[in-house]
Amino acid sequence: MEMGIVVGRVTATRKDENLVGTKLLITQSIGLDGTPLDSQPIITVDTVGAGIGERVIFVKGSMASRAVINKDSPVDAAIVGIIDNLECEKFKG
Amino acid sequence: MEMGIVVGRVTATRKDENLVGTKLLITQSIGLDGTPLDSQPIITVDTVGAGIGERVIFVKGSMASRAVINKDSPVDAAIVGIIDNLECEKFKG
Amino acid sequence: MEMGIVVGRVTATRKDENLVGTKLLITQSIGLDGTPLDSQPIITVDTVGAGIGERVIFVKGSMASRAVINKDSPVDAAIVGIIDNLECEKFKG
Amino acid sequence: MEMGIVVGRVTATRKDENLVGTKLLITQSIGLDGTPLDSQPIITVDTVGAGIGERVIFVKGSMASRAVINKDSPVDAAIVGIIDNLECEKFKG
Amino acid sequence: MEMGIVVGRVTATRKDENLVGTKLLITQSIGLDGTPLDSQPIITVDTVGAGIGERVIFVKGSMASRAVINKDSPVDAAIVGIIDNLECEKFKG
């Protein structure tokens, strides 16, 4: 999984019928210090009630579909947790 | 999923029989402001009636095949929505 | 899927028994103008009779195995089409 | 699989119910000499009792879920071993 | 699949029980001329009796598990062939 911050929301009227009713949030990966990285933001399906500005855990690939109720959804990224706390140490080998 | 813009179309007479009848669109990833990124464009199967110049949501990997009618298609990327609106905020940690 | 050009061929006598009889072609990703990119070339299983120098469509990941006859083959990339024509437009947001 | 070093831990009260009880460790990829790389750290599910500072083997993608007891967990990265020893040679073609 | 060179070996006493008995080799991707690339080395399960210094074909992702005897192994990369010969041409579009 990755750490990310929810930065936006996307709406689509015309879409796959198995995506109807899903909340599509734009998530940006963050580093160990919580700051957004330069990587490309992705669209994640929210499954835990996340909001813009929240730091989240998201899953990518086919496993993301496990978090979604509709088991036919074509989903490759899903938010599966809201980060409470992130503690880390720096190592230099 | 990713945000992209449809930039072209590819045709192939000689192809896997399970791809016959699929519309293959070339899609370029876009950033939060809607502008195309430098990343490599990919070939996506259109499942929602997208056209060149439209901003779309596309799925990658094995989950893309869920959006395609022929369940034997060797498909690893599919357009699953047309973006109506994209709202986002900038965060700096 | 990605657009690529077949640039070579690899042979292996000692290999997984489910790869026996497969034609392994080295494919380099290409950009919208058809020129090879700097990305790492990969080994693709040919399923459409592609030859060196041809521009092709290839699938990556587990979906590649759908294009292969032997359903037990450990295959993560396959050529599934020969590109006839590629038309695209340039967008700048 | 990849080689990594466990650099932190993340906690999330609000999360997918199939993640309840999993230990989520932040892992940074390491190079052949054991030093952390610049790549983005990821969240891995610990399945072998790893601790901060330990060098580990981790699996990514859908196969990571094989290492987890709850077979419905939306998991795309898991620590599956603690590295005892890593021996390597340098090659220049 | 990718072309690589086996550069090392990793041992782990504490590991997932479905990895017991597997030979874990460190593999570095190589380019068309056979020289190692700068990309991150990965841990691959050997299924063909490869040794250090040999040039190999390896599979990544869930398909790698097809090459492994234990079908419950959490494996995302496997060596599936020893390269005998690699012939390629240079193209410039």
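Provided above is the structure to which this section pertains.
Quick caveat: nothing in here was measured; it's all calculated off a predicted structure.

*Asks:* So what exactly am I meant to see when it comes to the overall build of chain A here?
*Replies:* Across its full length, chain A carries 0 helices and 6 strands. Along chain A, from the amino end to the carboxyl end, the secondary structure elements read β-β-β-β-β-β. The C-alpha extent of chain A, read off along each of the three principal axes, is 50 × 20 × 20 Å. Split into buried and exposed, the 93 residues of chain A put 55% on the buried side. Sequence separation of at least 24 residues holds for 52% of the intrachain contacts in chain A that already meet a minimum separation of 6. Taken as a whole, chain A presents about 3700 Å² of accessible surface, with 47% of it coming from carbon and sulfur. Taking the average location of the 10 positive side-chain charges in chain A and that of its 12 negative ones, the two points are 3 Å from each other.

*Asks:* What's the story with the side chain of Glu2 of chain C in this structure? I'm lost.
*Replies:* With respect to the helices and strands, Glu2 of chain C occurs in strand β1 (residues 2-11). Polar contacts involving the side chain of Glu2 of chain C include one to the side chain of Ser29 of chain C, which spans 2.7 Å. Those residues in contact with Glu2 of chain C, other than ones at most four positions away along the chain, are Gln40, Ile42 and Ile43 of chain B together with Ser29, Val56, Ile57, Phe58 and Lys60 of chain C.

*Asks:* When you look at the interface of chain A and chain B in this model, what are you seeing that I'm missing?
*Replies:* By convention, interface size is frequently given as the accessible area that disappears when the constituent parts associate. Residue-level contacts link 36 residues of chain A with 31 residues of chain B. Taking both partners together, chain A and chain B bury about 2600 Å²; carbon and sulfur atoms supply 58% of that area. It is Arg14, Gln40 and Ile43 of chain A that lose the most area in chain A upon contact with chain B, and together they represent 23% of the buried surface on that side. Across the pair Arg14 of chain A and Glu54 of chain B runs a salt bridge whose closest N-O atoms are separated by 3.4 Å. Across the contact surface, chain A and chain B share 17 residue pairs in polar contact (both at pLDDT 80 or more). Put simply, the parts of the chain that give the side of chain A that touches chain B at least two residues each are β1 (2-11), β2 (24-29) and β3 (42-46) of chain A.

*Asks:* Mind showing me how you'd approach the relation of the copies chain D and chain A here?
*Replies:* Note that the two copies of the chain are related through a rotation about an axis and a translation along the same axis. The transform that puts chain D on chain A rotates by 72° and translates by 0.0 Å along the axis, for an RMSD of 0.0 Å. Both chain copies can therefore be described as sitting about a five-fold axis. Comparing contact sets, just 3% of the residues at the interface of chain D also lie at the interface in chain A, consistent with a heterologous contact between different surfaces.

*Asks:* Got a minute to help me understand the interface of chain D and chain A in this structure?
*Replies:* The interface of chain D with chain A comprises 36 residues on the first partner and 31 residues on the second. Approximately 2600 Å² of surface area, both sides summed, lies buried where chain D meets chain A, with 58% of it carried by carbon and sulfur atoms. At the junction of chain D with chain A, the criterion picks out 1 salt bridge. Summed over the shared surface of chain D and chain A, the result is 17 residue pairs in polar contact (both at pLDDT 80 or more). Among the secondary structure elements, those contributing two or more residues to the side of chain D that touches chain A are β1 (2-11), β2 (24-29) and β3 (42-46) of chain D. Of the residues forming the side of chain D that touches chain A, the biggest block, 7 residues, is contributed by β1 of chain D. Within the side of chain D that touches chain A, the residues separate by chemical class into 17 nonpolar, 11 polar and 8 charged. Where strand β6 (residues 85-88) of chain A and β1 of chain D come together, 4 bridges link them in antiparallel fashion.

*Asks:* Would you mind going over the pairing of strand β4 (residues 55-60) of chain E with me for this structure?
*Replies:* Every other side chain in a regular strand lies on the same face of the sheet, so the side chains alternate between the two faces. Residue and element names in this part refer to chain E. Direction of pairing for strand β1 (residues 2-11) relative to β4: antiparallel, over a ladder of 4 bridges. Paired with Ile5 across the two strands is Arg55, which belongs to β4. Relative to strand β5 (residues 77-82), β4 is paired through 5 bridges, and the arrangement is antiparallel. By the bridge assignment, Ile57 is partnered in β5 with Gly81.

*Asks:* Is there a simple way to explain the arrangement of the chains in this structure?
*Replies:* Separated without contact, chain A and chain C have their nearest C-alpha atoms at a distance of 10 Å. The closest approach of any C-alpha atom in chain A to one in chain E is 10 Å; the two make no contact.

*Asks:* Which parts of the structure should I look at to understand the pattern of salt bridges?
*Replies:* In a structure, side chains of opposite charge can pair up when their charged atoms sit close to one another. Residues and elements named next belong to chain A. All chains considered together, the criterion is met by 15 salt bridges over all chains. Among the ionic pairs, Lys23 bridges to Asp46, the shortest N-O distance being 2.8 Å. A residue pair is termed long-range when its members are at least 10 positions apart, and Lys23 in the loop between β1 and β2 and Asp46 in strand β3 qualify at 23 residues. For Lys23, a relative accessible area of 24% gives the class partly exposed. For Asp46, a relative accessible area of 12% corresponds to the buried category.

*Asks:* I keep staring at the nonpolar core and nothing clicks. Help me out?
*Replies:* Proteins that are soluble and globular tend to have nonpolar side chains buried together. One finds Ile57 of chain A, Ile57 of chain B, Ile57 of chain C, Ile57 of chain D together with Ile57 of chain E to be the most contacted residues of the largest nonpolar core, which totals 110 residues. Among residues more than four places away in sequence, those in contact with Ile57 of chain B are Val10, Ala12, Leu24 and Ile43 of chain A together with Met1, Glu2, Ala78, Ile79, Val80, Gly81 and Ile83 of chain B.

*Asks:* When you look at the pairing of strand β3 (residues 42-46) of chain E in this model, what are you seeing that I'm missing?
*Replies:* Residues and elements named next belong to chain E. Here β3 lies mainly inside the structure; 5 of its 5 residues are buried. Residues Ile42, Thr44 and Asp46 line one face of β3 and the alternating positions Ile43 and Val45 line the opposite face, and both faces are buried. In this structure, strand β2 (residues 24-29) lies alongside β3, joined through 4 bridges in antiparallel fashion. Counterpart to Thr27 in the pairing with β3 is Ile42. Two elements, β3 and β5, share 2 bridges in a ladder whose sense is parallel. Pairing of Val45 across the sheet is with Ala78, part of β5.

*Asks:* Just checking my understanding: could you explain the side chain of Ser65 of chain E for this structure?
*Replies:* Mapped onto the secondary structure, Ser65 of chain E falls in the loop between β4 and β5. For Ser65 of chain E, a relative accessible area of 7% corresponds to the buried category. When sequence neighbours within four positions are dropped, the list of residues in contact with Ser65 of chain E reads Met63 and Arg66 of chain D together with Lys71 and Val75 of chain E.

So, how was this worked out
- Within any chain, residue numbers begin from 1 and follow the written order of that chain's sequence.
- Labels are handed out in written order, letters beginning with A for the chains and numbers beginning with 1 for the ligands.
- Selection of residues for local features in this predicted model requires a pLDDT of at least 70, selection of side-chain atom pairs for listing and counting requires 80 or more, and totals for whole chains, interfaces and linings are taken over all residues.
- Only hydrogens and water are set aside when side-chain values are computed; all heavy atoms of the structure are taken into account.
- Helical segments are the DSSP runs of H or I of at least four residues, strand segments are the runs of E of at least two, and each set is numbered from the N terminus.
- Burial classes follow relative accessibility: with a 1.4 Å probe on protein chains only, a residue under 20% of its type's maximum area counts as buried, one over 50% as exposed, and anything between as partly exposed.
- Here, two residues are considered to be in contact whenever any of their heavy atoms come within 4.5 Å of each other.
- Only the protein chains shown count as cover for residues, and all accessible areas are computed by the Shrake-Rupley method using a 1.4 Å probe.
- Asp and Glu count as negative and Lys and Arg as positive, but His and the ends of the chain are not part of the count.
- The atoms used to mark charge sites are NZ of Lys, CZ of Arg, CG of Asp and CD of Glu.
- A 3.5 Å cut-off defines polar contacts: any pair of N or O atoms within that distance qualifies, except that in protein one atom must be a possible hydrogen donor and the other a possible acceptor, and neighbouring residues in sequence count only when both atoms are side-chain atoms.
- Accessible surface is computed with a 1.4 Å probe, and the buried area is the amount of it that two parts give up when combined, taken over both parts together.
- Salt bridge, as used here: a side-chain nitrogen of Lys or Arg that lies within 4 Å of a carboxyl oxygen of Asp or Glu.
- Copies overlap after least-squares fitting; the atoms used are the C-alpha atoms of residues with pLDDT of at least 70 in both.
- All residues other than Ala, Val, Leu, Ile, Met, Phe, Trp, Tyr, Cys, Pro, Asp, Glu, Lys and Arg, Gly among them, are scored as polar; the first ten of these are nonpolar and the last four charged.
- The pairing criterion is simple: DSSP has to find at least two bridges between the two strands.
- Note on terminology: a nonpolar core comprises buried Ala, Val, Leu, Ile, Met, Phe, Trp, Tyr and Cys residues joined through side-chain atoms within 4.5 Å.

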